Amino acid sequence: MPRSGLRVALLDGFQLTGGTDAITVSRGAERLLAFMAMRHRVAGRLLVAGSLWSSSTEGHAYAALRSTLIRMSSTCRETLLITPSSLELAPGVSVDLHDARALAHRLLETGPHAAVDLSARAVATLSSELLPLWYDDWVLLEAEDWRQLRLHALEAVVDGLVEARRFGDATAAAGVVVRADPLRESAHSALIRVHLAEGNQSEAVHAFDRFSRLLHTDLGLAPTRELRDLVTSRAGSPLR
């Protein structure tokens, strides 16, 4: 069994901790632990080897996996259940990505939401990228899935904060989504809804105009009628 408090962090970079202490992990072990932490289920050795060393032959990939396991420190090995044919994350090892996904799914359910799920800490969690600067195919696919989930969840946070009349926090949360994807219309819609709920009609119109110009410049597109109607019906001013 793993020692108490082992945790794998994947958001904003890899880290293995035991309690409050960071544990040094070799690059090979880091990639292996990250892969297993993302999957969170049993995986055959051949699948693991083929995913982590995809450019190698099956024999070389299998040998690389075996070498990585042999060289792992005793603490790193405690994070895994290792059999001759498979690997699995050990029970009791926590992963920040799993907690963040659970947070996102709670926010995407019908409210009202718990105050802790609308906190600055929750926004910070949902603002975190999955293993930035890692470019392996198996990372990029998971990173895009997480990006889409967290942006939808952040938009739900914005709506929850508006309902709680926490307009400053709602504006900040909407800004996170806008910066993460400047061409995402639902992000700008969330920001505009904050301005309108706060009674800042001119801010809503300016936000619409900025997005409209950006969308036209980058993609040659115009905002949808739904977004235009949101502004005109609430702000009551014509849009260009």
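Residues numbered from 1 in each chain as written. Predicted model: local features only at pLDDT ≥ 70, side-chain atom pairs only at ≥ 80, totals over all residues. Heavy atoms only, no water.

**Brief notes about the overall build of the chain**
A tally of regular secondary structure across the chain gives 11 helices and 7 strands. Whereas a compact globule of 240 residues would reach a radius of gyration of roughly 18 Å, the chain reaches 22 Å, over 25% beyond that. Based on the C-alpha atoms only, the size of the chain along its principal axes is roughly 70 × 40 × 25 Å. Looking at the chain as a whole, 46% of its 240 residues qualify as buried. (Helix = DSSP H or I, 4+ residues; strand = E, 2+ residues; numbered from the N terminus. Rg over C-alpha atoms; globule rule 2.2 N^0.38 Å. Buried < 20%, exposed > 50% of the residue type's maximum accessible area, 1.4 Å probe, protein only.)

**Some remarks on the nonpolar core**
By size, the foremost hydrophobic cluster in this structure holds 78 residues, and its most contacted members are Leu-10, Phe-14, Leu-32, Val-48, Leu-126, Leu-131 and Ile-192. Ranked by residues supplied to this core, first place goes to helix α7 (residues 137–163) with 12 residues. Beyond its immediate sequence surroundings of up to four residues, Leu-10 is in contact with Ala-34, Ala-37, Met-38, Val-95, Asp-96, Leu-97, Glu-129, Leu-130 and Leu-131. (Core = buried A, V, L, I, M, F, W, Y, C linked by side-chain atoms within 4.5 Å. Contact = heavy atoms within 4.5 Å.)

**Brief notes about the side chain of His-188**
Looking at the secondary structure, you find His-188 in helix α9 (residues 185–198). Since its relative accessible area comes to 9%, His-188 is described here as buried. For His-188, the side chain forms a polar contact with the main-chain oxygen of Pro-182, separated by 2.7 Å. (Polar contact = N/O pair within 3.5 Å; in protein donor to acceptor, adjacent residues only side chain to side chain.)

**Some words on the sheet that holds strand β7 (residues 94–95)**
Spatial ordering of the open sheet is given by β3-β2-β1-β7, a layout of 4 strands whose pairing is mixed. In this open sheet, the two strands that pair with only one neighbour each are β3 (21–23) and β7. The sheet contact formed by strand β2 (residues 15–18) and β3 spans 3 bridges and is antiparallel. Opposite Thr-17, over in β3, you have Ala-22 as the bridge partner. (Pairing = 2+ DSSP bridges.)

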